[in-house]
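Architecture and fold: a report
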Amino acid sequence: MVEFRNVSMSYDNGFDILKDISFKLEPGSMHFLTGPSGAGKTSLLKLMYLAKRPSRGEIMMFGRDVVKSQREELPKLRRRIGVVFQDFRLLDHMSAVENVALPLRIAGGTGAHINEHVEELLSWVGLADKMSSFPSTLSGGEKQRVAIARAVIRRPDILLADEPTGNVDPEMAERLMYLFVELNKLGTTVVIATHDSGLVEKIGAPRLHLVDGKLLHLEGSKKSRDMHGGSE
Amino acid sequence: MRNSFNFLPNEKSREATKLLPWVMAIMVYLSALAATGSLLLHSGFEDWASSLQGRITVQITGEDRDQITAQSLEIQKALRETPGIRSVRILSDEEISALLEPWLGAGNITDDLPVPVMIDVETSEDMYVNLEALESKIKQLSDSVYLDDHAKWLTHFYDLAYSIEFTAIGILCMILIASVGIVIFGTKSSMSEHKGTIAIMHLMGAHDQMIAKAYQKRFMIYGLKGGVIGLLLAFITVFGFLNLVQDLSGGLVETPTLPVLKMSMLLIFPLLFAGLTMLTARITVMRELGRMV
């Protein structure tokens, strides 16, 4: 599903944010991406959701070398990836329903079918009464749930989430993690970047641990490997 | 076919480009004025020039009115016998007075004024008239006869006409180039303002064409709105000026007439500018997006 081979990424000033990263994620696996602030978690996710290209190395996604892919080929690949951004990145001029419907509309969906599907998901994440609300009127936790609903609405092959439970209460965090686990069980490969060690322990999925731009280890309990099919 | 929908904030919201329709209105206004001016001058030049082509004016001056009148009759006869001359007509005193009135004022043309006798000669289009030979022939009848085929004046006239027309075309081209520049600037400004939205669209799998379509549609509407407003203002200005000229000309100059068919071509200006803004916005967006991952 996803394979990084000796991938490095530098910023324009020459600073290496990621150094010689190699790993492989099997289809239907679930991983946590951990590490201290500035370790390169968000940069690694950016490479995975095709927002950046690496300075060196190969990235294989869905059987394609995305580094060598033409720009025109990327939109099709991106539609198979769901992303929950740390800063939500909701479109302020669109309501919650419109924001969540965005991936479906980009993919060419139209009509009542979209709204029905979107409203069902928003109800599930506890936003039934916020369907028509605009992001500026939503709390941090509500925005996060809209962002998560937007990321999963098309049931992506890969779900990438950057601190997806950072702004919600523990009960909602557990509910959202349950959503991710359920999606994973349905076959979606899930990668969650988080600082929440309790969450990592609770779910017990394998970890990609970054320190200073280097992938130190892939680890996970045997239980989690059995549960999530993670590779190491 | 790739789908499209408008993901950009609506036009009522705060946006740097909301002044663009007014800028385009000014551009269309200036373009329409330049084009109308060119058309009016062209039409006027054609009318004036065609009224002079194929005509010769013979002027007999002198203080002895009886003598120049007698000479004019002899010259008229000689002219009528010349091959290639279709008609010869001595202008009446009333006609000459009418010609002089705008310059001297009504009632100021008195009998003691040494007004020349003028003969209007129309040449045939089929035959060539040797003007030098004709002049030397009628000079034998009167020393104070002058022959004018307007050639020198017409040459200057055409030079002026072409200069004005080329200047108008140059102004039009400059306005178009400036408009393209403004649209590029506006598009880039709008893209910069909505870069977060564009990034999200990209990351969710939107093709460049989908993003470009939203922009080209928006900018086409800007161009169309501006075009219609600008053209209306231009028409109001042109008709206003024509009315003023009509009121003030008082026979000194001929009031230019609007070539309706040619003027109707100005109706394509709003469409032309809408197309120009649409195409410019599309190319700009595609080029800018091409720099992204």
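Residues numbered from 1 in each chain as written. Chains lettered and ligands numbered in written order. Predicted model: local features only at pLDDT ≥ 70, side-chain atom pairs only at ≥ 80, totals over all residues.

1. Some remarks on the overall build of chain B
Put simply, the rule reads: Starting at the N terminus, helices and strands are each numbered in turn, a helix being any DSSP run of H or I of at least four residues and a strand any DSSP run of E of at least two. Counting other C-beta atoms within 10 Å of a residue's own tells you its class, since 20 or more makes it buried, 12 or fewer makes it exposed, and anything in between is partly exposed; those C-beta atoms are placed from the backbone. Each residue is represented by a C-beta atom placed from its backbone, and any two residues with such atoms within 7 Å are regarded as in contact.
The number of helices and strands found in chain B is nine helices and four strands. Along the first, second and third principal axes, the C-alpha atoms of chain B reach 100 × 40 × 25 Å. Residues classed as buried in chain B amount to 30% of the 293 residues present. Of the contacts made within chain B by residues no fewer than 6 positions apart, 88% connect residues no fewer than 24 positions apart.

2. Details of the confidence of the model for chain A
Low pLDDT means the predicted coordinates in that region are not meant to be read closely. As a reminder, the rule being used: A residue's pLDDT is simply how confident the predictor is in it, with values from 0 to 100.
Here chain A averages 87 in pLDDT, and 93% of its residues register 70 or above. Segment residues 221-232 of chain A is flagged for pLDDT under 50; beyond a separation of four residues in sequence, or across chains, it makes 30 contacts in the model.

3. Thoughts on the packing of helix α3 (residues 96-106) of chain A against helix α4 (residues 112-124) of chain A
Residues and elements named next belong to chain A. Going by this rule: Interaxial angles span 0 to 180 degrees and are taken between N-to-C directions of axes, which are lines fitted to C-alpha atoms, for helices over the stretch in contact. Angular relationships are summarised with four words: roughly parallel below 35 degrees, roughly antiparallel beyond 145, roughly perpendicular across 65 to 115, and oblique for the angles in between. The sense of a crossing depends on the near helix, which, turned anticlockwise from the far helix by less than a right angle, makes the crossing left-handed and, turned clockwise, makes it right-handed. The residue classification treats Ala, Val, Leu, Ile, Met, Phe, Trp, Tyr, Cys and Pro as nonpolar and Asp, Glu, Lys and Arg as charged. All others, Gly included, are polar.
In the contact formed by α3 and α4, the axes pass within 9 Å of each other and the chain directions differ by 125°. Relative to α4, the element α3 lies oblique. In the packing of α3 onto α4, the handedness of the crossing is right-handed. For the pair α3 and α4, the contacting residues are Ala96, Val97, Val100, Ala101, Leu104 and Arg105 in the first and Ile114, Asn115, Val118, Glu119, Leu121 and Leu122 in the second. Its residues placed into classes, the contact of α3 with α4 shows nine nonpolar, one polar and two charged.

4. Remarks on the nonpolar core
Rules: By our criterion, buried Ala, Val, Leu, Ile, Met, Phe, Trp, Tyr and Cys residues that link up through C-beta atoms within 7 Å make up a nonpolar core.
Grouped together as the largest cluster of nonpolar side chains are 110 residues, with contacts concentrated most on Val100, Leu122, Ala149 and Leu160 of chain A together with Val28, Ala32 and Ile211 of chain B. With twelve residues, the single largest contributor to this core is helix α1 (residues 20-52) of chain B. Formed by 13 residues, the second largest nonpolar core is a distinct cluster that contains Ile56, Ile60, Ile68 and Leu134 of chain B.

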